[in-house]
Amino acid sequence: MSNKPQDVKQNIKVALVGSPNCGKSSLFNTLTGSRQKVANYPGVTVERRSGKYTTADNRTITLIDLPGIYSLKDRTLDERVSRQVITGTHVSESQPDLLLCVADSTNLRVHLRLVLELKHLGLPIILALNMHDMAQRDDIRIDPEILSKELGIPVVTTIAVRRASLDDLKNQLSKTLNDLPEKQEAVPVPTTRELQQQARDIAARALLSEGSQHKVTRQLDRVLLHPVFGIIIFFITLFGMFQLVYFWAAAPMDLIERGFATLQDLISNILPDNWFRSLLNNGIIAGVGSVLVFLPQIIILFTFILILESTGYMARAAFIMDRLMAMVGLNGRAFIPLMSSFACAIPGIMATRTIEHHRDRITTIMIAPLMTCSARIPVYALLIGAVVPNQPIIFGLFGLQGVVLFGLYLVGIVSALIVAMVLKMTLTKGVAQPFLMELPKYQLPVFRHLMINLWERVKTFLRRAGTIILYAAIGLWLLAQYPKKPIGGLEPDIFYSYAGIMGRALQHIFAPLGFNWEMSIALIPGMAAREVAIGALGTVYALQGNEGQVEQSLRTIIQSTWSLPTAFAFLAWYIFAPQCFATIATVRRETNSWGWTAFMTGYLFALAYFAAFVVNKTAIALLA
Amino acid sequence: MMTIKYLSDLKKGEEATILGFDAESCKDIDFARDLEDRLLEIGFEEGLNVKILHEGPISRDPIAVRIGQMTVALRRMEAAAVRIYNGKS
């Protein structure tokens, strides 16, 4: 038997609901701080954010942040999940006890419509009029008391980014939770038009002063959306982002590499030369290290993406690029994720979450690995350095090596656009989706929220490195180590291993591409990450020395033993081949579908094979 | 007498009043379904004033319009479903 009234109902759950751009996620971050979890709802790619919040009277409740929606019409996955959760029909999420509806005070009329729609679903509601400071600055005055009376629910004002402004909300939460009203039966929702009419009437009564549009936003947009300056600024932003991704990441990447090397040396000194040392050094540390080395780039990219999002610039970028993306059937929101994929496909694929429409999002994910990521650069550099003479061309303006590298990037981009077009006509075919989006007011990012979100993304990446990539590294090590070289064997150890056996079998398949058995074997450990193939080639050719020496020897070997058609075919292979476990694992998580993951892996390998074949045969014909 | 115009006909800087919606005028029927609801939900409404603030860099598409206190981006294809009256007779 309970002795305190608050024990009557344990595990109280409050859901935050609101339209996009109402500041709902900010409010969620401020209320829960770092006590939050991000996952997916089972079976769909809708993000489930939940967290803990402790009220003034020491009651801990669960807060869930439902996706930003304009209505509950089941048109998008976000709308469907939100409606299912709110009506208590969701398979895994139980019905919340209370809705905390968040509305943008500067846009009351539009946001009230959702409040009215939610009221029909029968749950108790508290309305938070958010961005109260901005409304005041723009001379928009709302009377919360009139609004509360008209709506029949408690109304408080909030400034989500300021903790001190949330006292009213916190008091109201405690008050409502201590005397939680009964759930009502859901009643049919009137048409959008009827709701709109009601919202307009109520807004007219509660709005004391209409105010004007956010001045800073208006002025910034005049520059940032300018047909000439807007584009220039957009490309400078992108260029700067890439400069910093490579410039800032270089030192920490070096540090991580050296750290792992030191660790390997340490282990070599402590442990005797046995299978366990090899597993630690050549399997786990080498494998996981080859993925973790990209962490600095990933962190910087995510920081940029999060800043672009939280300031409101991301929507402008989508506006600027929309027409271009529309040509291949995508919308402007796909541009930044694809750009990010030039550094690393993992943050790119994770950034597709901002694409509202499922089919567009899938299409974008499918083509993201075609963008030339930084892991390909060592492979490209090695091969180009070995087989392409660095002679000046076009009146000495360009070097041939640079032109070839640029060509490889270009082939990736053009292929991605073609694949997107083909997908939109076949697998992701469907009704064109409207490009209809609010350009939110510009806001300064909140450092604390930025850090919370960044940590969330980094955690996801690290968790993957700690699980699937770890297993893959161990698996690849096993394949490359066993069985051992027979006594009297003349070839390097890996030749006799499972990887060697598989590689030699694969060589029959790869023969039309001009690949020799050494290359075929190197591609197997190269599944961990693209640049691992270089180290693997070193192993296959039994090269000794440090990284630089191995690369130098490899260059000589490639020059003397690979034919030109073979080397170019290998380059062509690397434009397409999805030789990256981390990317494949990310696609699996973000699409929530083994089917799409298998499709992406399959089509990229097929394209890689086809391209390498064509390049090999063409080069042979040209050189004959 | 006033001429029937659509939001998609306006140029940058021009203003008009929303008269109603004409989603049926879209060629693609599936696309037009829900379009009126979506436009209403994001804040388009009869009687409100709209002004084209910005145009996309290529083919002047998409457009960004001021409606009430906010800015909404949409393609001209969608804007073609919004009937307007721009005061000229």
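About the cut-offs
- Residues numbered from 1 in each chain as written.
- Chains lettered and ligands numbered in written order.
- Predicted model: local features only at pLDDT ≥ 70, side-chain atom pairs only at ≥ 80, totals over all residues.
- Heavy atoms only, no water.
- Helix = DSSP H or I, 4+ residues; strand = E, 2+ residues; numbered from the N terminus.
- Buried < 20%, exposed > 50% of the residue type's maximum accessible area, 1.4 Å probe, protein only.
- Areas by Shrake-Rupley, 256 points an atom, 1.4 Å probe, with all protein chains shown as cover.
- Rg over C-alpha atoms; globule rule 2.2 N^0.38 Å.
- Pairing = 2+ DSSP bridges.
- Axes fitted to C-alpha atoms, helices over the stretch in contact; angles between N-to-C directions.
- Parallel < 35°, antiparallel > 145°, perpendicular 65-115°, else oblique.
- Left-handed = near helix turned anticlockwise from the far one by under 90°.
- Contact = heavy atoms within 4.5 Å.
- Nonpolar A, V, L, I, M, F, W, Y, C, P; charged D, E, K, R; others polar.
- Phe/Tyr/Trp six-rings, centres within 6.5 Å; stacked < 30°, edge-to-face > 60°.
- Expected span 1.5 Å × (residues − 1).
- Buried area = accessible area lost by both parts, 1.4 Å probe.
- Salt bridge = Lys/Arg side-chain N within 4 Å of Asp/Glu carboxyl O.
- Polar contact = N/O pair within 3.5 Å; in protein donor to acceptor, adjacent residues only side chain to side chain.
- pLDDT = per-residue confidence, 0-100.
- Core = buried A, V, L, I, M, F, W, Y, C linked by side-chain atoms within 4.5 Å.

## Some thoughts on the overall build of chain B
Moving on, step 1. Looking only at helices and strands, one finds three helices and six strands in chain B.
Moving on, step 2. Helices and strands in chain B line up, N terminus first, as β-β-α-α-β-β-β-α-β.
Moving on, step 3. Within chain B, the fraction of its 89 residues that count as buried is 53%.
Moving on, step 4. Counting every atom, chain B has about 3800 Å² of accessible surface; 50% of that belongs to carbon and sulfur.

## Regarding the overall build of chain A
Moving on, step 1. Secondary structure summary: chain A contains 27 helices and 12 strands in total.
Moving on, step 2. Its C-alpha radius of gyration of 28 Å places chain A within 12% of the 25 Å reference for a compact globule of 624 residues.
Moving on, step 3. Dimensions along the principal axes, computed over C-alpha positions, put chain A at roughly 90 × 65 × 40 Å.
Moving on, step 4. Across the 624 residues in chain A, those meeting the buried criterion constitute 53%.
Moving on, step 5. As presented, chain A carries roughly 27000 Å² of accessible surface, and 63% of it is formed by carbon and sulfur atoms.

## Some remarks on the sheet that holds strand E2 (residues 15-21) of chain B
Moving on, step 1. A sheet is described by the order of its strands in space; here seven strands give the open sequence E12(A)-E5(B)-E4(B)-E3(B)-E2(B)-E6(B)-E1(B), paired in antiparallel fashion. The strands lining the two open edges of the sheet, one partner per strand, are strand E12 (436-439) of chain A together with strand E1 (5-6) of chain B.
Moving on, step 2. Pairing of E12(A) with strand E5 (residues 70-74) of chain B, which is carried by four bridges, proceeds in the antiparallel orientation. Note that in E5(B) the partner of A:Leu436 across the bridge is B:Leu74.

## Notes on the sheet that holds strand E6 (residues 125-130) of chain A
Residue and element names in this part refer to chain A.
Moving on, step 1. What the seven strands build is an open sheet, ordered E2-E3-E4-E1-E5-E6-E8; its pairing is mixed. Looking at the sheet topology across the chains shown, the edges are occupied by strand E2 (36-40) and strand E8 (155-157). Recorded for the sheet is a direction-independent mean angle of 25° between the axes of neighbouring strands.
Moving on, step 2. By the bridge criterion, six bridges tie strand E5 (residues 98-104) to E6 in an arrangement that is parallel. Across the sheet, residue Cys101 finds its bridge partner in E6, namely Leu127.

## Structural notes on unusual backbone geometry
Moving on, step 1. With an omega of -10°, the peptide bond running from A:Tyr482 to A:Pro483 counts as cis.
Moving on, step 2. Relative to the elements of secondary structure, A:Pro483 occurs in the loop between helix H19 (468-481) and helix H20 (493-496).
Moving on, step 3. In the segment running from B:Asp61 into B:Pro62, the intervening peptide bond is cis, with an omega of -5°.
Moving on, step 4. As for its position among the elements, B:Pro62 is in strand E4 (residues 61-67).

## Thoughts on the packing of helix H3 (residues 108-119) of chain A against helix H7 (residues 192-206) of chain A
Residues and elements named next belong to chain A.
Moving on, step 1. At a minimum axis separation of 8 Å, H3 and H7 run at an interaxial angle of 120°. The angle between H3 and H7 places the two elements in the oblique class. For the pair H3 and H7, the crossing hand works out as right-handed. Contact residues: Leu108, Arg109, Leu112, Arg113, Leu116 and Glu117 in H3; Thr192, Leu195, Gln196, Gln198, Ala199, Arg200, Ile202 and Ala203 in H7.
Moving on, step 2. A per-class count over the contact of H3 with H7 returns seven nonpolar, three polar and four charged.

## With respect to the packing of aromatic side chains
Residue and element names in this part refer to chain A.
Moving on, step 1. The full count for this structure, using the stated rule, is 16 aromatic pairs over all chains.
Moving on, step 2. Consider the rings of Phe495 and Tyr496, whose centres lie 5.2 Å apart with planes at 80°: the pair is edge-to-face. Considered together, Phe495 and Tyr496 belong to a single accessibility category, that of buried residues.
Moving on, step 3. Plain terms: the ring middles of Trp562 and Phe570 are 5.4 Å apart, the flat faces sit at 80° to each other, and that makes the pair edge-to-face. Phe570 shares its class with Trp562; the two are buried.
Moving on, step 4. Chaining the aromatic ring pairs together yields one cluster made of Phe510, Phe515, Trp562, Phe570, Trp573, Tyr574 and Phe605.

## Digging into helix H16 (residues 376-387) of chain A
All names here are of chain A.
Moving on, step 1. For H16, which comprises 12 residues, the first-to-last C-alpha distance of 17 Å matches the rise-based estimate of 16 Å (1.5 Å per residue) to within 8%.
Moving on, step 2. Those residues of H16 lying buried are Arg376, Val379, Tyr380, Leu382, Leu383, Ile384, Ala386 and Val387.
Moving on, step 3. The inward-facing, buried residues of H16 contact helix H17 (400-425), helix H23 (532-540), helix H24 (547-561) and helix H25 (564-576).

## Topic: the interface of chain A and chain B
Moving on, step 1. Listed by partner, the interface residues are 42 residues for chain A and 38 residues for chain B.
Moving on, step 2. Carbon and sulfur atoms supply 56% of the area buried between chain A and chain B, which totals about 3700 Å² over both sides.
Moving on, step 3. Applying the counting rule to chain A against chain B returns seven salt bridges.
Moving on, step 4. In this structure, A:Asp322 engages B:Arg75 in a salt bridge whose closest nitrogen and oxygen atoms are separated by 2.7 Å.
Moving on, step 5. Remark: the boundary between chain A and chain B carries 18 residue pairs in polar contact (both at pLDDT 80 or more).
Moving on, step 6. Counting only elements with at least two residues in the side of chain A that touches chain B, the list comes to H3, H7, helix H8 (215-224), helix H12 (313-326) and E12 of chain A.
Moving on, step 7. If one sorts the elements of the side of chain A that touches chain B by residue count, H12(A) sits on top with six residues.

## A short note on the pairing of E5(B)
Residues and elements named next belong to chain B.
Moving on, step 1. In terms of burial, E5 is largely enclosed, as five of its five residues are buried.
Moving on, step 2. Neither face of E5 is left uncovered, since the one carrying Met70, Val72 and Leu74 and the one carrying Thr71 and Ala73 both have all their residues buried.
Moving on, step 3. With five bridges connecting them, E4 and E5 associate as antiparallel partners. Looking at the pairing, Ile67 lines up with Met70 of E5.
Moving on, step 4. Counted between consecutive antiparallel strands, the loop separating E4 from E5 contains two residues, among which Gly68 sits at a positive phi close to 60°.

## A closer look at the confidence of the model for chain B
Moving on, step 1. Overall, the prediction assigns chain B a mean pLDDT of 86, with 87% of residues at 70 or greater.
Moving on, step 2. Of all helices and strands in chain B, the one with the weakest mean pLDDT is helix H1 (residues 29-32) of chain B (70), whereas E4(B) scores best (94).

## So, the nonpolar core
Residue and element names in this part refer to chain A.
Moving on, step 1. Phe234, Phe515, Trp562, Phe570 and Trp573 are the most contacted members of the largest nonpolar core, which totals 120 residues.
Moving on, step 2. Residues in contact with Phe234, not counting those within four places in the same chain, are Tyr313, Ala317, Ile320, Met321, Phe335 and Ile336.
Moving on, step 3. Leu66, Ala103, Ile142 and Ala203 belong to the second largest nonpolar core, which has 38 residues in total.

## What about the pattern of salt bridges?
Moving on, step 1. Applying the stated criterion across every chain yields a total of 31 salt bridges over all chains.
Moving on, step 2. Across the pair B:Arg66 and B:Glu15 runs a salt bridge, and its minimum N-O distance is 4.0 Å. Of this pair, B:Arg66 sits in strand E4 while B:Glu15 sits in strand E2, and the two are 51 residues apart along the sequence.
Moving on, step 3. Look at B:Glu15 and you get partly exposed, because its relative accessible area is 40%.
Moving on, step 4. Several salt bridges share partner residues, and in doing so they unite A:Glu47, A:Arg49, A:Arg353, A:Arg361, A:Arg589 and A:Glu590 into one network.

## Some points on the pairing of strand E1 (residues 13-18) of chain A
All names here are of chain A.
Moving on, step 1. Of all the six residues making up E1, six are buried; the element is thus mostly covered by neighbouring parts of the structure.
Moving on, step 2. Relative to strand E4 (residues 60-65), E1 runs parallel, the two being bridged by four bridges. Residue Val14 lies in a different strand from E4, and its bridge partner there is Leu63.
Moving on, step 3. Where E1 lies against E5, five bridges are found, and the strand directions are parallel. Residue pairing across strands places Gly18 opposite Val102, the latter belonging to E5.

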